[in-house]
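# Structural overview
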Amino acid sequence: MSNTLTGLIPDLYAALDVVSRELIGFIPAVTVDSSVNRAAVGQAVKVPVSPSSNSMIDTTPAMSVPSAADQTIGNTSVVITRSKAVPFSWEGNEQVGLNSGAGYLTIRANQIAQAMRTLANAVELDLAALYATTSRAAGTVGTVPFITNTAALSAARKILVDNGAPTSDLQLVIDTNAGANLQTLFNINSARDKAAETLAGQGVLTMPSGVAIRESAQVYNPASGAMASATSTSAAFTVGQTVIPLATAGTGVVAAGDVITFANDTNQYVVSAVSFAGANPASGDTITLAAPGLRKAQGVATRAITVLATSPRNMAFSRSAIVLATRMPERPQEGDMAIDVMTIQDPRSGLAFEVSMYPGYRKIRYEIALAWGVKNIKPEHTATLLG
């Protein structure tokens, strides 16, 4: 059978032009890896992580080569967690009837646009959810960034550079409230030639201090934990410590992604994991902070813990810290009932969608599909910007 999907290409690209105008900021800001086409859903794909090289030696002249300097290369896993398709179908009579009005091809193009929009937004939402894995937080709860200056950006960038993030490709993805302030602050004219922009530059509003700032419609605004009047134990804290033991004090609990502070420490820490035996803090319970952990040592004493209130979770990060792995959904080796399959890439987000056509009895079914997984492989190089 001839390649019947070839005739769809103009409709597909027309749809992509519509989808590319959606407020998608995370997808073009992260590292997209489409090389995991052999990984099944739920299967871990290993990504190498090089260790820190803090040790040095004296360059003492000698007639023999110094001993080998072996290192243990670590790794982290990226898992393809989702395989989704957005279908729609048409009967012959429906097609004929529409051709006397709006036109079948016009409506089909809009359906394709909506299908791609749905998948792209789902990917964007998964990336936005990685706020719960960032290292620390900057900004002030209840104060939308960029009202009068870029102090919030500077604070978020400071977290990244203090943690050793490379400064060559820093990103900041914000919600539309912060975006509105930013455009006023910088007098940004949004009527730009999008077609002339590179993929990496798509959606960038401005680049103060070398940070590419984009907007997203999917920035989280999660409810904060209800823990109140809690304290740590009286054990001393050390710089870099991540596990914080709790005393039996206060009420309520927190969850991964909550932001907390300690008495005598102005740093805002992101909770990466918790261990609570009950509904209130008790001896033996712990809070685990995201890497690189505490930035200030504290002596022997209990420390009051404050949970920051609900606030948007804008995200600042180095592009290399967050990976988006994508591929086409798998088919049986023997094939399935699709009579035609093609892949088309969105020139704006970079996502490649699979378009399939399945024939039935006087009816046709289309599917737009994608499989993906996300991972923050370097939490130290990511930060939350509160608003």
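For clarity, every value in this text was computed on a predicted model and none was experimentally measured. (Residues numbered from 1 in each chain as written. Predicted model: local features only at pLDDT ≥ 70, side-chain atom pairs only at ≥ 80, totals over all residues. Heavy atoms only, no water.)

## What about the overall build of the protein?
Regarding its fold elements, the protein presents five helices and 19 strands. Residues counted as buried form 44% of the 387 residues belonging to the protein. Restricting to contacts in the protein with at least 6 residues of sequence separation, those with at least 24 account for 79%. With the model as given, the accessible surface of the protein reaches about 18600 Å², and the carbon-plus-sulfur share is 54%. (Helix = DSSP H or I, 4+ residues; strand = E, 2+ residues; numbered from the N terminus. Buried < 20%, exposed > 50% of the residue type's maximum accessible area, 1.4 Å probe, protein only. Contact = heavy atoms within 4.5 Å. Areas by Shrake-Rupley, 256 points an atom, 1.4 Å probe, with all protein chains shown as cover.)

## Section: the packing of aromatic side chains
Aromatic ring pairs are described here by two measures, namely the spacing of the ring centres and the angle between the planes. This structure, assessed with the given rule, holds five aromatic pairs. One aromatic cluster in this structure is built from Phe237, Phe262 and Tyr269. (Phe/Tyr/Trp six-rings, centres within 6.5 Å; stacked < 30°, edge-to-face > 60°.)

## Brief notes about helix α4 (residues 151-162)
Since there are 3.6 residues in each turn of an α-helix, residues three or four apart along the chain are aligned in direction. If you check α4, its first and last C-alpha atoms are 16 Å apart, about what 12 residues at 1.5 Å a residue would give, namely 16 Å. Of the residues making up α4, those classed as buried are Ala152, Leu153, Ala156, Ile159 and Leu160. Seen along its axis, α4 keeps its buried residues to an arc of 120 degrees; they face one direction. Contacts from the buried residues of α4 go to β5 (136-138), β6 (170-174), β7 (211-215), β14 (313-318) and β19 (382-386). (Expected span 1.5 Å × (residues − 1). Arc of directions from axis to C-beta.)

## Looking at the nonpolar core
Core analysis: the largest hydrophobic core is formed by 38 residues, its most contacted members being Phe26, Val123, Leu127, Phe317, Ile322, Leu324 and Leu351. Taken together, the elements giving at least two residues each to this core come down to β4 (82-91), α3 (104-128), β14, β15 (322-327), β16 (340-345), β17 (352-360) and β18 (363-376). The biggest single contributor to this core is α3, with nine residues. With residues up to four places along the chain from it excluded, the contact list for Leu324 reads Ile27, Val30, Thr31, Val32, Asp33, Val123, Leu127, Leu351, Trp372, Gly373 and Val374. (Core = buried A, V, L, I, M, F, W, Y, C linked by side-chain atoms within 4.5 Å.)

## Some details on the pairing of β19
For β19, a buried count of five out of five residues is recorded, marking the element as mostly surrounded by other parts of the structure. On β19, burial covers both faces: Thr382, Thr384 and Leu386 on one face and Ala383 and Leu385 on the other are all buried. Where β5 lies against β19, three bridges are found, and the strand directions are parallel. Looking at the pairing, Ala137 lines up with Thr384 of β19. (Pairing = 2+ DSSP bridges.)

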